[in-house]
Amino acid sequence: MAKLVLGMNLSLDGYVDHEKFGPGPSLFRHWIEHVRDLTGSIYGRRMYEIMRYWDEDLPEWTPEDHEFAAAWRHQPKWVVSRTLKSVGPNATLISDNFEAVIRDLKSRLVGEIAVSGPDFAQSLTDLGLIDEYRLYFHPVVLGRGTPFFAGPRPRLRLLASDQIDEDVMKLTYVPA
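Described below are features of the structure shown in this document. Along every chain, residues carry numbers that run from 1 in the direction the sequence is written. Totals for whole chains, interfaces and linings use all residues, but because this is a predicted model, local features are given only for residues with pLDDT of at least 70 and pairs of side-chain atoms are given and counted only at 80 or more. The side-chain figures draw on all heavy atoms in the structure; neither hydrogens nor water molecules are used.

1. Notes on the packing of aromatic side chains
- Here the aromatic set is Phe, Tyr and Trp, taking the six-membered ring for Trp, and pairing holds for ring centres within 6.5 Å; pairs whose planes are under 30 degrees apart are stacked, those over 60 apart are edge-to-face, and all others are tilted. Tallying each qualifying case throughout the model produces twelve aromatic pairs.
- Aromatic pair Tyr 43 and Trp 72: ring centres 6.4 Å apart, planes at 65°, arrangement edge-to-face. Taken as a pair, Tyr 43 in strand 3 (residues 40–44) and Trp 72 in helix 3 (residues 63–74) lie far apart in primary sequence, 29 residues in all.
- Judged by its relative accessible area of 3%, Tyr 43 is buried.
- Its relative accessible area of 1% is what places Trp 72 among the buried residues.
- Taken together, the ring pairs connect Phe 28, Tyr 53, Trp 54, Trp 61 and Phe 68 into an aromatic cluster.
- Charge over a ring is defined by NZ of Lys or CZ of Arg lying within 6 Å of the ring centre and within 35 degrees of the ring normal. Here Lys 77 stacks its cationic end above the ring of Trp 72, 4.3 Å away from the centre of that ring. Helical segments are the DSSP runs of H or I of at least four residues, strand segments are the runs of E of at least two, and each set is numbered from the N terminus. Buried means the residue's accessible area, taken with a 1.4 Å probe over protein chains only, is under 20% of the maximum for its type, while exposed means over 50%, and partly exposed covers the values in between.

In structure tokens:
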């Protein structure tokens, strides 16, 4: 049975913003290895559109950027959206009955499936489908933006804490 994992970078005050702060070299290496080891990823529309950045090589990319892009392109992706009409390579569009599709994926696959997109993840949290939450705290206070938890916070139990690089702590929680 696969494990659904919600893991994202966030500010100290709990906001997700991919333009306000980014990963340093150690954290980026961590994300490359994480994505390489995934069984696949499930995205909401907005997060998938952000991640489509990795579909095509850009001339200014570093070797690490190319490595991340290759890992991201290789993994299967499922995109939950009622508005998208198509998705890119190695991706499957889920436009109806996403709960049944995700429960099926979870029951027949093995390994970790990443969940991305705070609003979409809240839907899976409400359904009790998220098995683990990984919060990567950066030393930044935003004061506003998209919260990591888009709705009521689930009851959680701390499983582990790890320093990923000099500035980033990863806290791992499971539903209580």
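2. Thoughts on the pairing of strand 3
- Within strand 3, five of the five residues are buried, leaving the element largely enclosed by the surrounding structure.
- Neither face of strand 3 is exposed, since Gly 40, Ile 42 and Gly 44 on one face and Ser 41 and Tyr 43 on the opposite face are all buried.
- At least two DSSP bridges between two strands are needed for those strands to be called paired. Of the pairings in the sheet, the one linking strand 3 to strand 6 (residues 111–116) comprises four bridges and is parallel in character. Considered in strand 6, the bridge of Gly 40 is made with Ile 113.

3. Regarding the side chain of Asp 165
- Along the polypeptide, Asp 165 turns up in the loop between strand 9 (156–163) and strand 10 (169–175).
- Charged-residue counts in this description rest on Lys and Arg as positive and Asp and Glu as negative, His and the chain ends being excluded. When a carboxyl oxygen of Asp or Glu lies within 4 Å of a side-chain nitrogen of Lys or Arg, that pair is called a salt bridge. No salt bridge forms around the buried Asp 165; measuring N to O, its nearest opposite-charge neighbour Arg 29 is 12 Å away.
- Polar contact criterion, stated in full: a pair of N or O atoms within 3.5 Å, where within protein one must be able to donate a hydrogen and the other to accept it, and residues adjacent in sequence count only if both atoms are side-chain atoms. Polar side-chain contacts of Asp 165 include one of 2.8 Å to the backbone nitrogen of Asp 167.
- Beyond its immediate stretch of four places on either side in the chain, Asp 165 contacts Gly 24, Ser 26 and Leu 27. Residues are treated as being in contact if the distance between any of their heavy atoms lies within 4.5 Å.

4. Side note on the pattern of salt bridges
- Evaluated as defined, the whole model comprises 13 salt bridges.
- Between Glu 67 and Arg 29 there is a salt bridge whose closest N-O contact spans 2.8 Å. Placement of the pair is Glu 67 in helix 3 and Arg 29 in helix 1 (residues 25–37), with a sequence separation of 38 residues.
- Arg 29 gets classed as partly exposed once you look at its relative accessible area, which sits at 28%.
- Ionic pairing is found between Arg 134 and Glu 112, a salt bridge with its closest N-O pair at 2.7 Å. In this pair, Arg 134 sits in strand 7 (residues 132–138) while Glu 112 sits in strand 6, placing the two residues 22 residues apart along the sequence.
- Through salt bridges with shared partners, a single ionic network connects Lys 3, Glu 112, Glu 132 and Arg 134.

5. Thoughts on the sheet that holds strand 4 (residues 77–80)
- Taken together, eight strands build an open sheet; the order of strands is 5-4-3-6-1-7-10-9 and the sheet is mixed. Only two strands of the sheet have a single partner each, and these edge strands are strand 5 (91–94) and strand 9. Strand-to-strand twist across the sheet, computed as the mean angle between neighbouring axes with direction ignored, equals 25°.
- Here, axes are lines fitted to C-alpha atoms. For helices the fit covers the stretch in contact, and angles between N-to-C directions go from 0 to 180 degrees. Along the sheet, helix 1 makes contact with strand 1 (2–11), strand 6, strand 7 and strand 10, crossing strand 7 at roughly 160°.
- Most of the contacts of helix 5 (residues 118–126) go to strand 6, to which it runs at about 125°, and overall it touches strand 1, strand 3, strand 4, strand 6 and strand 7.

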